[in-house]
Structure formats: structure tokens, C-alpha cells
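Working through the structure, step by step
So you can see what is in the structure, the chains are spelled out below.
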Amino acid sequence: MNRIAKVAVDLSLNREFDYLIPEPLRPLVEIGSRVEVPFRLRNVTGFVVGFADKSSFADLKPIGKVLGDKSLVTETVMELARWMSAYYLAPFEVCVRAVLPAVVRNKESGGKKQLMVSLNVDEASSLVLYKPERMADANEAGGLVYDKLTPKQQAVFQWLKKNGPMLLSELAAAAEVSAATIKTLEKKGLVTISNESVYRDPHEGVELLKTDPLPLMDQQTVALKQILAAMDEPEPPVVLLHGVTGSGKTEVYLQAISHALEQGRGAIVLVPEIALTPQTVDRFRSRFADKPERVAVLHSSLSDGERYDEWHRIRSGEAQIVVGARSALFAPAHNLGLIVVDEEHEPTYKQDEAPRYSARDMAVMRGRLEKCTVVLGSATPALESYSNAKGGKYRYADLPIRVDDRRMPMMRIVDMRIAAQQEGKPVLFSRELVEAIRCRLDRAEQTMIFLNRRGFSASLLCPECGFVTECDHCSVGMTFHKARARLVCHICGEEKPAPLRCPSCNSPEFRYAGAGTEKIEEVMLKLFPKARIARMDSDTMRRKNAHRDVLAKFRTGKIDILIGTQMIAKGLDFPNVTLVGVVNPDHALHMADFRAGERVFQLLTQVAGRAGRGEVSGEVIVQTYTPHHPAVQAARRMDFEGFCDQEMAFRKELEYPPYTHLTCITLRGKDDAEVEKAAEKFFQCLEAARLHFSALRREGDTGFQGLEKDLPKGIIVSPAMPAPIARMRGEYRWQILLRSVRVKSMNDAIRAASKAMKWPKTVKVSVDVDATSLL
């Protein structure tokens, strides 16, 4: 039995420490056990991450105690955390914390406890039954009462006999008695009152109608066979399921999961947005309604108690199917047979704080460790995934036609420059869009309006002096929220009252520049006063279950026009939606990011896919000031392959992903000059490391073989530059970009440069491997 445990303590030291395992604790200590250990002059908590027979250190301290009944992290997930640490250059203990919900990590044992009352069968059977002279005394006992019990006690007795064990509070309310009456029965030995865990159900009140597997189209059958064949292989491959919107990808997922369950294996389904989760979970629970407890949900909208209970249901094996957002990937599911990453192209799968992992790529790695199939599904796959599939690294399954051979929606591009000339001024809605909405209202059909910007207007502008309200802590303008009469920074959250006069010249005139979803809603209400209109953005969706409530109303036809940001753009399925309007996608096209074109193409294609999913064909109207942009035109033609060919040629010429991996290093601090100096110095250290590894490569180091034909330099290091958002949350930001065909090459160079660098205490640094945002 192991004598020494390697422990990662909760102090972000990126080290493992050796501790002796006391004899009494040896049966309790395993990989993933949470323990309390002495550290310097205090006790700290940590996780056991490995074992050793001997240590290079003398006088090892013993583990103080084991917290909880059993290991919280499985060996496979612990191995995944170790890989995450090495690949994403994050401290190992930070990665261990990332794979566990905080409420699970910080709570030693037990969920919510409540008093439960149950009959003591042996004692109750000794009571004498008799026929009462007055039926009023029978207390609904079928004409029988029990000797030695008062009428109130008999009421309690009958409720328990009829319903079985009940919560004390519910029993007291149902029998119309006090808790003292029930406790008297406990003293007589007739009932038992115990403190038991109570499951907090995040689906409480949601009715389910069981659904049966749907007949598959030929293309779905072929795709399903590919996935099932992959599941039966000793080393299951990754399958990219490329299906147009409305092609029935979810049905393929469901039938593949049914196959996994038949084999006694579990499944994890990842979705990119919390807004998708209620609809997705309901669909999965309806399919498996004979045992809905088999489906668990994990996402940030759950309360701590619900998340704790769901996680432990998965850990115990009660739930075999896990549906959720990014962090659900680390659920302790048993014997995984399938991992599905729906809408795999979504940038929300990338975490924006340490550890900065991609849930899609981590899913591929977990699949490799668990020897289970990973399915990446999308109508617009990321170029990295598409390149892997076309290069033979992934299997490729194609669904090019909508279910029941329904037509794809027709997309019209409206040039807003011409619309402005026609009206004599810039307009928010074109004549084409207004008329199309009116037509849908007349036909009792539904409309979705998409604008990826919340608030009323992008900024407040003084027409007299040109003053624009900017955040005091970030180098961005503040957004005006009319309902609250507040200016809000969407970067740091800073709020201030909207001024009545210009702070610069004291003019009372203000111009609202740009539009957000709040303004769209206001104008829509004026244009269509009889229409039922709702808005979905992060301002209106703060209440728990708000997503579910709005989507349920929209599904049942209680909302005519749904306005929203990206949370309505993908994955949602409403058959009565026949029109989608896209307002001003231009600001996304001109962002300082080489992926801007790809993002807009994906967004337009996805939001267009919400239209025409029923019997009536759909229409999409895109209002833009750049109608001839290649991404816009490719989306209009629904031409994914054509867009990819053009975009991949651009990426190859500039040596951007998917032809290389890209790492973004961000330095930040309160003093701009000091951050700039540190960035320049670190760039020099990286250049020195690059030259050192280039020399090793020339000398024949096997770790660098093959790089010469891909990139002349092996590693490309771009000079330090101010970040596109140069100031954020009061800190100035500088960036250094690295590119290489191998992540290990960049990581080795970064580690070497970091050791050579003397970091100022006031400058912080973050490393984002495989960065998806350069802002």
C-alpha cells in the first residue's frame, strides 16, 4: 500500500508536495481525495494527485485528515487536468479546481438535509382496529380508527399509510397538525423521524411527454452508422458531423446515446449557451422519459444546491447522460461511451480565465483517455475542425439536406446605404424588413430579430463638441441603457447615471449613436403596437429560468416577435418562425481579429437557420453597410465550402490557424510605460529562446524534425503591441503573438523566456494557448 501521497495544495504554486500517509488513513486515500495537510505554519486543503514509494525530501509531514467520504476526481479526469496544465501553461492545482464545481470542492459531505417521517411498521401493526360508533371520529379511515390515538394522531397515521414517508413539514401541512403531534407519535415508537438528504430538482414543475425515436432520412442513417461503428472501435476516432441547420443532427445524437445506454455506457452532451440548455435538456429527458432521472444538467444558472446534487447524482451513477455548458465536460460520468459537442465552432467553448482551455479540444482529449467516441456537430464547423476532417485526422459525416427535404431559407441582403438615400437619413429598419414583418403578423407567423449588441445605444455623443462618454477604467465607450437611465461599460460593468448635459461643454443636446436590442424593442413597439414582443439578452435574462419561460411562450405562440442577441442565434427550433431579420452585422466584420469574417459567416448562417423549420419556407433579411463582403455573400449563397476555400487560402498565406497554432501573451498593469517596457523585454527573451530552439533544430533535435518544411522559422514571434482594447478594468494591456505548427515548441520557448525574465511586481501576465479572441 502507498506510503507517500503527492498533493496539489490550493495555493496556485504550480507544484506538488510529498506527504506521508498515516497508517489509519491509507485505506481512505486515493487519487482525487480531498485532504487537509500542514503547510508552513498553517493547515491548508488540497487534492491527492499521485503516489510515490519514496521521496527526495527528508522529514515528510503527515496528512492531517481526509475530507469527505470518497474521491471527488476520477483518475481519468485527474489525468485530463494534468494534460490541461501542460498544454495551456496553467498551474496544475488551478486545473484541478477547474474540473470540480466550487460547491462540490468546498463542501465536505452531504447535501440539503430535511426531517423525514416514516411509519415504524412493527410498532404500528400492534395497534387495535375497531369500528367507531360515530363515523365523524373515523377521520377518513375507511370506517376504522386506531385505539390509543387521538384524532390528530390518527390523521398523521393515515397520511403516512397512504403516501409512505413524507417530509415533516409537508406531513404537518397535509394532516393539519403541528410538528409536536408528529413528535408525540415518535415518542410512542409509531413513527421514525430522520434527517435525510433531499434532492433539489432543477426540472421541478416541468412536464414531460415521452417521445419515440424518429424515422431517419438516408443521410442521417449513414451518419449514425458512422458514429456507431466508431463507438465499437478499440481506439474510437473523432467524428465531425457537418449538417446544415435543420438537418436532424440532434436526432442522430439521441439515437447514438440510446446505443451507448444499451451498452451500459454514459454520455456527455455539451451545448454552447445556457439559453440552449433548457430546450436541449427537455428534449433529452422527453426521449428518455421512462427514466428521466438518467439525465442530469450542469450549468452556471443552477443554484449551488442544485449543482451539488446533480454532480453527486452523476458521481453515484444514477445519471448516465450529462447535458450542460463548457464545464459539464468534467462531470464524473461512469464508463463514457460518447461525448457530443454541439455547435462545436462556438467561441464560448473557450474559457477566458485561467485555465484558458477549449472545451472542444478538451473533449477530444477526454475521449482519447476514456476510449470513447467524440462527435463534433455544427452547420458551420470551425476551420480547425474542418481541416482535421478533410486531412483524415477526424472522420467526416455530412448532412447536406434539411429533414423532410425542407428548403433552406432564402436570404436577402439589403444595402443600408441605399436605404439611407431613399429615406434621406440613416434608418434602423429597411422598408423590406418592415413590410416582411407586417406580412408575418398578418399570417400569424413568428419573427426573430437579431442584433448582437444589448442596451439602447452604443454611446452618447455631444453634437456640439464631439464629446463621447467613455469608461473611466477601459478604453471603450459606455453603452446607454434607457430603461435604467444609466451608462454601462460592457467590459468592466462600471455604471453611472446618464448626464442631462454634456460634461465637456454643458450642452443639453445629446445624440444616441448606434443601436442596441433595447432600442430595437422600443422602435418595434411603435411600428407594431398590437404585436406581442419580447427581448432576450443578458439584461432581461437575469432571473432564474427566464430563458425557459420566454422560449416556452415563444414556442406556444404567445410571442409574435422575439428580439435578441447571440443567445437566439443558434440551436433553437421553432417551426412557426418564417422570418429572421439581422440588423447591422457590420461592427463584427471590422473587429481587429483575423477570424472576423469566419465569425460573421457562422453567425449569419446559424441565425438564418432559425427560419423555415416548419411546413412554411423561411426568409432571412440581412441589413448591412458592407453587402459585398465575401463572408456576407457566402452566407447568402449558403456556400460553406466556397467560403472555406477562400478563407483557408488567406490563412495559409499569413501562416494563421489552422495552419499554425496561435498563442496570445497579454501583459497588464496600472502603469502603461512599465507594462510596455516589460512587454519589450519579454519579447527579447522570447526571441532569444526562439533562436536557441532553432539552433537545436538545425543540430537535428528530434523534437523539431519536420518543422522546416512547414515554417521557415519554426516559431514566429510578433513584436509587442498595445492590445486592441488597450485599457481594461483600469489596467493597460500589451500583447505578444506566437505562431508555430507545434504547441510544444511555443510552450518550451515561453517557459524558457519566463525563467530568463525578471518580472516587475506590478505587471501581470497571462498566456492564452490556441487563442480564439485577440481583443
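Structural data are supplied above this passage.
Computed from a predicted model, the values in this text were never measured in an experiment.

Within the protein chain one finds 24 helices and 33 strands. Its C-alpha atoms give the protein chain a radius of gyration of 30 Å, near enough to 28 Å, the size a compact globule of 775 residues would have. If one aligns the C-alpha atoms of the protein chain with their principal axes, the spans along those axes are about 95 × 80 × 65 Å. Looking at the protein chain residue by residue over its 775 residues, the buried ones come to 53%. Restricting to contacts in the protein chain with at least 6 residues of sequence separation, those with at least 24 account for 75%. Per element, the accessible surface of the protein chain, about 35,400 Å² overall, is 51% carbon and sulfur. Of note, the protein chain has its 108 positive side-chain charges centred 3 Å away from the centre of its 99 negative side-chain charges.

This part is about the environment of Gly 516. With respect to the element layout, Gly 516 can be found in the loop between β24 (511-513) and α16 (517-527). In this structure, the C-alpha to C-alpha distance between Gly 516 and Lys 758, residues 242 residues apart in sequence, is 45 Å. Those residues within four positions of Gly 516 in sequence are excluded, and the remaining contacts are Leu 451, Arg 453, Arg 454, Gly 455, Phe 456 and Ser 457.

A few words on the packing of aromatic side chains. Counting across every chain of the model gives 13 aromatic pairs. For the ring pair Tyr 386 and Phe 640, a centre distance of 5.0 Å and an interplane angle of 85° mean the geometry is edge-to-face. Taken together, the residues Tyr 386 in helix α13 (residues 383-390) and Phe 640 in helix α21 (residues 640-654) connect sequence positions 254 residues apart. Ring centres of Phe 601 and Phe 643 lie 4.5 Å apart, and the angle between their planes is 10°; on these two criteria the pair is classed as stacked. Residue Phe 601 is located in helix α19 (residues 596-608), and its partner Phe 643 is located in helix α21; the two are separated by 42 residues in the primary sequence. Members of the aromatic cluster, joined through ring pairs, are Tyr 386, Tyr 396, Phe 601, Phe 640 and Phe 643. Across the ring face of Tyr 656, the terminal group of Arg 739 is positioned such that the distance to the ring centre comes to 4.8 Å.

Spatial strand order, β13-β14-β12-β15-β16-β11-β17: seven strands in an open sheet with parallel pairing. Both outer strands of the open sheet, β13 (295-298) and β17 (395-399), are each paired with one neighbouring strand and no more. Neighbouring strand axes in the sheet, compared pairwise and without regard to direction, differ in orientation by 20° on average. In this structure, strand β12 (residues 266-270) lies alongside strand β15 (residues 336-342), joined through five bridges in parallel fashion. Within β15, the residue paired with Leu 270 across the bridge is Val 341. Where helix α12 (residues 359-370) meets the sheet, it contacts β11 (238-243), β12, β15 and β16 (373-378), and its direction lies at approximately 165° from that of β15.

Together, Asp 671, Asp 672, Glu 674, Glu 676 and Glu 680 make up a negatively charged patch on the protein surface. Residue classification places Glu 674 among the partly exposed positions, given a relative accessible area of 31%.

The topology assignment puts Arg 438 in helix α15 (residues 431-442). For the pair Arg 438 and Lys 161, spaced 277 residues apart in the sequence, the C-alpha separation amounts to 61 Å. Those residues in contact with Arg 438 that sit more than four places away from it in its chain are Leu 527 and Phe 528.

Time to look at the nonpolar core. Ranked by internal contacts, the top residues of the largest apolar core, which has 78 residues, are Ile 665, Leu 686, Ile 736 and Leu 738. If one sorts the elements of this core by residue count, helix α22 (residues 672-698) sits on top with nine residues. Ignoring any residue separated from it by four or fewer positions in sequence, one finds Leu 738 in contact with His 661, Leu 662, Thr 663, Ile 665, Leu 686, Ile 715, Ile 716, Val 717, Met 746 and Ile 750. Counting residues in hydrophobic clusters, the runner-up holds 41 residues, among them Met 448, Met 541, Phe 554 and Met 567.

Tracing the sequence through the fold places Gln 446 in strand β19 (residues 446-450). Note on Gln 446: relative accessible area 4%, which makes it buried. A distance of 2.7 Å separates a polar atom in the side chain of Gln 446 from the backbone oxygen of Phe 554. When neighbours within four sequence positions are excluded, Gln 446 is seen to be in contact with Arg 440, Phe 554, Gly 557, Ile 559, Asp 560, Asn 576, Val 577, Thr 578 and Leu 579.

Bringing the packing of α13 against α21 into the picture now. Relative to each other, α13 and α21 sit at 100°, their axes nearing to 11 Å. One finds that α13 runs roughly perpendicular with respect to α21. On α21, the residues that touch Leu 383, Tyr 386 and Ser 387 of α13 are Phe 640, Glu 641, Cys 644, Glu 647, Met 648 and Arg 651. Residues of the contact of α13 with α21, tallied by class, amount to five nonpolar, one polar and three charged.

Next up on the list: the sheet that holds strand β5 (residues 65-67). Here we have five strands laid out as an open sheet, ordered β2-β1-β4-β3-β5, and antiparallel in their pairing. Every interior strand has two partners, whereas the edge strands, β2 (17-20) and β5, have only one. Ignoring strand direction, the axes of neighbouring strands in this sheet form an average angle of 50°.

It is worth spelling out the packing of α19 against α21 at this point. Relative to each other, α19 and α21 sit at 170°, their axes nearing to 11 Å. Judged on the interaxial angle alone, α21 and α19 are roughly antiparallel. Residues Gly 597, Glu 598 and Phe 601 of α19 form the contact with α21, whose own contacting residues are Phe 640, Phe 643 and Arg 651. Class assignment of the residues belonging to the contact of α19 with α21 gives a composition of three nonpolar, one polar and two charged.

A few words now on α19. The end-to-end C-alpha distance of α19, which contains 13 residues, comes to 18 Å, matching closely the 18 Å that a straight helix rising 1.5 Å per residue would cover. With twelve of its 13 residues buried, α19 lies for the most part within the structure. Those residues of α19 that fall on the buried side of the exposure criterion are Ala 596, Gly 597, Glu 598, Val 600, Phe 601, Gln 602, Leu 603, Leu 604, Thr 605, Gln 606, Val 607 and Ala 608.

Turning our attention to the pairing of strand β27 (residues 577-583). Of all seven residues in β27, seven are buried, a share of seventy percent or more. In the sheet, β19 pairs with β27 via five bridges, with the strands oriented parallel. From the neighbouring strand, Gln 446 faces β27, where its bridge partner is Val 577. Alignment of β27 against strand β28 (residues 619-624), held across five bridges, turns out to be parallel. Looking at the pairing, Val 582 lines up with Val 622 of β28.

Scanning the model with the defined rule gives 43 salt bridges in all. In this structure, the salt-bridge partner of Asp 768 is Lys 350, at a minimum N-O distance of 2.5 Å. On the criterion of sequence distance, the pair formed by Asp 768 in strand β33 (residues 764-769) and Lys 350 in the loop between β15 and α12 is long-range, its members being 418 residues apart. The buried category is assigned to Asp 768, whose relative accessible area is 14%. With its nearest N and O atoms 3.4 Å apart, the salt bridge here joins Asp 748 to Arg 751. You can see Asp 748 and its partner Arg 751 sitting in helix α24 (residues 743-756), three residues apart, about one turn around the helix. Each of Arg 412, Arg 440, Arg 443, Glu 445 and Glu 619 takes part in a single network of salt bridges with overlapping partners.

Before going further, it helps to spend a moment on unusual backbone geometry. With glycine set apart, most residues show a phi of negative sign, and most peptide bonds adopt trans. Of the consecutive residues Ala 354 and Pro 355, the connecting peptide bond is found in the cis state with omega at -5°. With respect to the element layout, Pro 355 can be found in the loop between β15 and α12. Here the amide bond leading from Pro 657 into Pro 658 is cis, since omega sits at 15°, within 30 degrees of zero. Along the chain, Pro 658 falls in the loop between α21 and β29 (661-669). Phi at Glu 655 is positive, roughly 55°, even though this residue is not glycine.

Cut-offs applied
Residues numbered from 1 in each chain as written. Predicted model: local features only at pLDDT ≥ 70, side-chain atom pairs only at ≥ 80, totals over all residues. Heavy atoms only, no water. Helix = DSSP H or I, 4+ residues; strand = E, 2+ residues; numbered from the N terminus. Rg over C-alpha atoms; globule rule 2.2 N^0.38 Å. Buried < 20%, exposed > 50% of the residue type's maximum accessible area, 1.4 Å probe, protein only. Contact = heavy atoms within 4.5 Å. Areas by Shrake-Rupley, 256 points an atom, 1.4 Å probe, with all protein chains shown as cover. Lys, Arg positive; Asp, Glu negative; His and termini not counted. Charge placed at Lys NZ, Arg CZ, Asp CG, Glu CD. Phe/Tyr/Trp six-rings, centres within 6.5 Å; stacked < 30°, edge-to-face > 60°. Lys NZ or Arg CZ within 6 Å of the ring centre and 35° of its normal. Pairing = 2+ DSSP bridges. Axes fitted to C-alpha atoms, helices over the stretch in contact; angles between N-to-C directions. Patch = residues over 30% accessible without salt bridge, like charges linked within 9 Å, V, L, I, M, F, W, Y side chains within 5 Å. Salt bridge = Lys/Arg side-chain N within 4 Å of Asp/Glu carboxyl O. Core = buried A, V, L, I, M, F, W, Y, C linked by side-chain atoms within 4.5 Å. Polar contact = N/O pair within 3.5 Å; in protein donor to acceptor, adjacent residues only side chain to side chain. Parallel < 35°, antiparallel > 145°, perpendicular 65-115°, else oblique. Nonpolar A, V, L, I, M, F, W, Y, C, P; charged D, E, K, R; others polar. Expected span 1.5 Å × (residues − 1).

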